[in-house]
Amino acid sequence: MSFTGSVHLPPVRRRSPLLITLAVIVVAVIGVTIATRVYTDKLWFDSVGFTGVFTTQLVTELVLFAIAFVLMGGMVAVNMYIAFRLRPSGRRRGASAILDRYRDLLEQHLKLVIAVPSVLLGGMAGLSASTQVLPVLAWLNRVPSGVTDSKFGLDASFYMLEYPIWRLATSLLLSALIFAFVAAVAVHFAVGNLASGRPRLRAAAPAPVARHLSVLAGPGMIV
């Protein structure tokens, strides 16, 4: 028994060694930079006998980074995935070749497309939040000043120590909502849930899509 035809296997996609090398270099440079700064700070605090202060600040920075990273990255990732899940059942083709390529990219590399912006935005939010370690520690160790505001009846320490933390929390939440909204709109547009050139969002978006974006936009208006 013989086979006269040939079997054509799909080409195996290989990741570019250059991109992998660049990614490793970037991660290594960032890691070395952070490790150098942390170790230098530790040596200084050890030299003045305040190792406990260094440990407290370092732990607080890590906690703030983790909170901001999870909040920002999680909201972006979850809403991008929801937008993808709300894609139309029938694939809309022909309106734009560029959008068709984006839809193919989403379907073939969904995890990567969601992970990259989520990790990047989460990392930037975490780094920004970790710089607020001193105000957070001051708030955690606050004591009443004994001076009461005559108008609102609040202790003066509220304005100096507590109010900045409320502003930090609301700023982080608002940023997460804005970036999650933008990311969701991008995915909705790429999968065909939103169409350009139409006068109203209601005409371009199905009801679940409109509700999804409204849930993100509503709290953003309040915050």
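Residues numbered from 1 in each chain as written. Predicted model: local features only at pLDDT ≥ 70, side-chain atom pairs only at ≥ 80, totals over all residues. Heavy atoms only, no water.

Topic: the packing of aromatic side chains
Phase 1 of the analysis: If you walk through the whole model with that rule in mind, you get 4 aromatic pairs.
Phase 2 of the analysis: Here the aromatic rings of Trp44 and Phe45 are separated by 5.1 Å at their centres, their planes lie at 85°, and the arrangement is edge-to-face.
Phase 3 of the analysis: Both rings, one in Phe45 and one in Phe54, keep their centres 5.9 Å apart while their planes meet at 40°; by these two values the pair is tilted. Summarising the burial analysis for this pair, Phe45 and Phe54 share the class buried.
Phase 4 of the analysis: Of the aromatic side chains, those joined through ring pairs into one cluster are Trp44, Phe45 and Phe54. (Phe/Tyr/Trp six-rings, centres within 6.5 Å; stacked < 30°, edge-to-face > 60°. Buried < 20%, exposed > 50% of the residue type's maximum accessible area, 1.4 Å probe, protein only.)

Topic: a nonpolar patch on the surface
Phase 1 of the analysis: Together, Leu18, Leu22, Ile25 and Val29 make up an exposed nonpolar region whose accessible area comes to about 380 Å².
Phase 2 of the analysis: On the secondary structure map, Ile25 appears in helix α1 (residues 17-47). (Patch = residues over 30% accessible without salt bridge, like charges linked within 9 Å, V, L, I, M, F, W, Y side chains within 5 Å. Areas by Shrake-Rupley, 256 points an atom, 1.4 Å probe, with all protein chains shown as cover. Salt bridge = Lys/Arg side-chain N within 4 Å of Asp/Glu carboxyl O. Helix = DSSP H or I, 4+ residues; strand = E, 2+ residues; numbered from the N terminus.)

Some points on the pattern of salt bridges
Once the charged atoms of two side chains with opposite charge are near each other, the side chains can pair.
Phase 1 of the analysis: Overall, the coordinates contain 3 salt bridges when judged by the stated rule.
Phase 2 of the analysis: Between Lys42 and Asp46 there is a salt bridge, with its nearest N and O atoms 2.8 Å apart. Here Lys42 pairs with Asp46, and both are found in helix α1, just 4 residues apart, close to one helical turn.
Phase 3 of the analysis: Given a relative accessible area of 30%, Asp46 falls into the partly exposed group.
Phase 4 of the analysis: Where salt bridges share partners, they join Arg37, Asp41 and Glu61 into one cluster.

A look at the layout of surface pockets
Phase 1 of the analysis: In this structure, the largest pocket encloses a volume near 350 Å³.
Phase 2 of the analysis: Counting only elements with at least two residues in the lining of the largest pocket, the list comes to α1, α2 (51-85) and α4 (110-130).
Phase 3 of the analysis: Grouping the constituent residues of the lining of the largest pocket by class yields 7 nonpolar, 3 polar and 2 charged.
Phase 4 of the analysis: Its volume calculated, the second largest pocket comes out at about 280 Å³.
Phase 5 of the analysis: Lining the second largest pocket are Ala23, Val26, Val27, Ile30, Gly31, Phe65, Val119, Leu120, Gly123, Met124 and Leu127.
Phase 6 of the analysis: Contributing elements (two or more residues each) for the lining of the second largest pocket: α1 and α4.
Phase 7 of the analysis: Counted by class, the lining of the second largest pocket contains 9 nonpolar, 2 polar and no charged residues. (1 Å grid on protein atoms, 1.4 Å probe; cavity = no way out; pocket = protein on both sides within 12 Å on 5 of 7 lines; lining within 4 Å. Points joined across faces, edges and corners; volume = space filled by probe spheres on them. Nonpolar A, V, L, I, M, F, W, Y, C, P; charged D, E, K, R; others polar.)

Some remarks on α4
Residue pairs three or four apart in sequence face the same way in an α-helix, which turns once every 3.6 residues.
Phase 1 of the analysis: Between the first and last C-alpha of α4 there are 30 Å, a value that for 21 residues agrees with the 30 Å anticipated at 1.5 Å per step.
Phase 2 of the analysis: Residues Leu110, Ile114, Ser118, Leu121, Gly122, Gly123, Ala125, Gly126, Ala129 and Ser130 constitute the buried set of α4. (Expected span 1.5 Å × (residues − 1).)

Structural notes on the confidence of the model for the chain
As a note on interpretation, predicted positions should not be read in detail where pLDDT is low.
Phase 1 of the analysis: Model confidence for the chain is summarised by a mean pLDDT of 80, while 81% of its residues fall at 70 or above.
Phase 2 of the analysis: Taken together, the stretch residues 6-10 has pLDDT below 50 and engages in 0 contacts with residues farther than four places along the chain or on a different chain.
Phase 3 of the analysis: Across residues 198-204 the pLDDT falls below 50, and counting only partners more than four positions away or on other chains, this stretch makes 6 contacts in the model. (pLDDT = per-residue confidence, 0-100. Contact = heavy atoms within 4.5 Å.)

A few points about the side chain of His212
Phase 1 of the analysis: You can see His212 is positioned in helix α8 (residues 207-222).
Phase 2 of the analysis: Dropping the residues within four chain positions of it, His212 is found in contact with Asn79, Ile82, Ala83, Leu86, Ala184 and His188.

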